[in-house]
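# What the coordinates show
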Amino acid sequence: MAVEARTVLWYMTFIGFIVNYMLRINLNITIVDMIAGVNGRTTLAPPTNASVNLSTTNTSDFLAFVSPVESTSNVTDREERYSLERQFLDWAKIDYERHGFHWNEKEQSNLLGSFFWVHWLLQLPGGILARKYGTKLVFGLSNGVGVFCCFLIPIFSYWSYGALLWLRVFQGLVTGLAWPSMHVMTAKWIPPNERSKFVSAYLGSSVGVAMFYPIFGYVIAWTSWEWVYYICGVFGMLWFVAWQFLVFDSPAQHPRIAQSERRYIEKSLGASVHSSSPGPTPWREIATSRPVWMNVVAQWGGIWGLFTLMTHGPTYFRLIHHWDIRATGFLSGMPHLMRMIFAYVFSMFADYLLRTDRLSRTNVRKLATGVCCGIKGLVVLALAFFGYNATAAIVLVAVATMFHGAVSSGPLASMVDLSPNYAGIVLGVSGMIGGMPGFISPFIVGILTQGNQTIEAWKNVFMLTAAMLIGSGVIYVLFSESTLQSWNSGCHALPEAGLKELHTFEEKVPLQSTAIDEANAAKESVKSSK
């Protein structure tokens, strides 16, 4: 039995977002080994008293407290680990920092946040460009150029701090095209009652984090941090080649799709999506749409919570709970695997509620957002008060990150519900504004923890994060809706009964059972020829 084109698209999208988040998080883990005096192989001595004040005036003082000066054997071990860049610099007789980089907390926070400084800038253009040139090109090049930058990061790191910083800024800028461009393809390929499940592919991002954090930790322990970027580059390039050969912008352009599957998709989307250009973009209507702004609010809170835990998780577990590089990678990645599993299960539950008319589309999206923002916020609030316990900390971080998986059935799916024709632009607007916490959060965390790596400082970080999550969740539940908007080129909403009828049609006429249709088509052809 042939594999459906939608299935192939799901897997390629899933891996594409793995690649996209691999680019975001690789520095989060490698920076632990890049800093002078924090060799990933060095064992940190546990504090002698649980209530000891870890406040220090700078990073080196803190490290001197938790771990004596790195031994000569460890320094030698760092130098002996093979690196193409160090070999080249030695050959060229160019001076560089051999024993690690001397970046303070503020400089480290700037590096971690630099990816997101202008990441939001191309969110809106991403949706516009995908409508004009297709998601295949825009999403593919966005990831592809970002992947190429991975090969440059090691040599830029040795070259200068400023060069690395601006390379990360550029990498973040170009990958900003990816997310909104994907919604354009989702609107063209996925029937309304399958959207929650398909959008769960976007949370390949979680699997990217879950898979690569521990892998990167072991790679660093076995070789050197530079090899993390070689692996990212090779893996990403393999995906890019497969994406170009296997993915097409619409069912009509796919050369290998079964006719039955194409007919089913086109019938399902016929009431809301134009195959041709739907006309001028209704910018005023989008900018003044309350449902659009509710999605922006939900994304703001959700991204603030997600990126705070994802970006600073390795540093938190390393400096506060004193995990080594391998444990840090595993503990930072595990919650994101749980997020993907939860997203997939919850998306099936959400689609079930829609198919059976148990809840309206608006209430399903509200339920999902209440989970990914509100409930997650309560868990992060608990982390603020119980994070001093290492076991409680990892459990709460894992549960909080897991609940964010419901976002695929909440605001992410709602944006397509509002306007399939302009879904990429709506997500672009949401990403442009809602993505700002990606760089605001690291900046604030840097201020709160500058020379103050204590439980109390991190408590403030988590309380602020909880406030953002709970506030955005409450606002969304009170004021949002997820019905097809009138500015979707004058299309009328497909009634719930119509959606249910389409689902019944799919069950009664499986996509692979095309013999009757083909026979009827053949008869009509014979009659017309006579």
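To start, this report covers the structure provided alongside it. (Residues numbered from 1 in each chain as written. Predicted model: local features only at pLDDT ≥ 70, side-chain atom pairs only at ≥ 80, totals over all residues. Heavy atoms only, no water.)

### Concerning the packing of helix H17 (residues 361-386) against helix H22 (residues 455-479)
Angle between the axes and distance between the axes: these two values describe a pair of packed helices. Between H17 and H22, the shortest axis-to-axis distance is 8 Å and the interhelical angle comes to 160 degrees. For the element pair H17 / H22, the angle class is roughly antiparallel. Crossing handedness for the pair H17 and H22: left-handed. Residues of the contact of H17 with H22, tallied by class, amount to 16 nonpolar, 7 polar and 4 charged. (Axes fitted to C-alpha atoms, helices over the stretch in contact; angles between N-to-C directions. Helix = DSSP H or I, 4+ residues; strand = E, 2+ residues; numbered from the N terminus. Parallel < 35°, antiparallel > 145°, perpendicular 65-115°, else oblique. Left-handed = near helix turned anticlockwise from the far one by under 90°. Nonpolar A, V, L, I, M, F, W, Y, C, P; charged D, E, K, R; others polar.)

### Points about the nonpolar core
Of all hydrophobic cores here, the largest spans 113 residues; its most connected members are Met182 and Phe462. Looking at this core, the element that brings in the most residues is helix H1 (residues 5-34), giving 17 residues. Lining this core are residues from two domains, each supplying at least three of them: domain 1 (1-35 + 83-264) and domain 2 (289-488). In this structure Phe462 touches Leu309, Tyr316, Val380, Leu383 and Ala384, once residues within four positions along its chain are discounted. (Core = buried A, V, L, I, M, F, W, Y, C linked by side-chain atoms within 4.5 Å. Buried < 20%, exposed > 50% of the residue type's maximum accessible area, 1.4 Å probe, protein only. Domains from an automatic or database assignment. Contact = heavy atoms within 4.5 Å.)

### Concerning the environment of Ala406
Along the chain, Ala406 turns up in the loop between helix H18 (390-403) and helix H19 (411-418). In sequence terms Ala406 and Ser196 are 210 residues apart; their C-alpha atoms lie 9.3 Å from each other. Aside from chain neighbours lying at most four places away, what touches Ala406 is Phe342, Phe346, Ala368, Val371 and Cys372.

### Things to note about the pattern of salt bridges
Enumeration over the complete set of coordinates arrives at 7 salt bridges. The partner of Asp417 in a salt bridge is Arg195, with the nearest N and O atoms 3.3 Å apart. Linking Asp417 in helix H19 with Arg195 in helix H10 (residues 195-199), this pair joins segments that are 222 residues apart in sequence. For Arg195, a relative accessible area of 3% translates into the label buried. The residue Asp417 makes a salt bridge to Arg365 at a minimum N-O spacing of 2.6 Å. With Asp417 in helix H19 and Arg365 in helix H17, this residue pair connects regions lying 52 residues apart in the sequence. Here Asp417 and Arg365 have matching classes, each one buried. (Salt bridge = Lys/Arg side-chain N within 4 Å of Asp/Glu carboxyl O.)

### Focus on a nonpolar patch on the surface
Together, Leu378, Leu381, Phe385, Phe386, Tyr388, Ile455 and Met463 make up a nonpolar patch on the protein surface, roughly 660 Å² of accessible area in all. Mapped onto the nonpolar patch, the elements with two or more residues apiece are H17 and H22. Sort the elements by how many residues they give to the nonpolar patch and H17 lands first, with 4 residues. The residue Ile455 is located in helix H22 in this model. Ile455 sits in the partly exposed class, given a relative accessible area of 32%. (Patch = residues over 30% accessible without salt bridge, like charges linked within 9 Å, V, L, I, M, F, W, Y side chains within 5 Å. Areas by Shrake-Rupley, 256 points an atom, 1.4 Å probe, with all protein chains shown as cover.)

### Digging into unusual backbone geometry
With a phi close to 60 degrees, Asp357 is a non-glycine residue in the positive phi region. Mapped onto the elements of the fold, Asp357 is located in the loop between helix H16 (325-355) and H17. When its relative accessible area of 38% is taken as the criterion, Asp357 is described as partly exposed.

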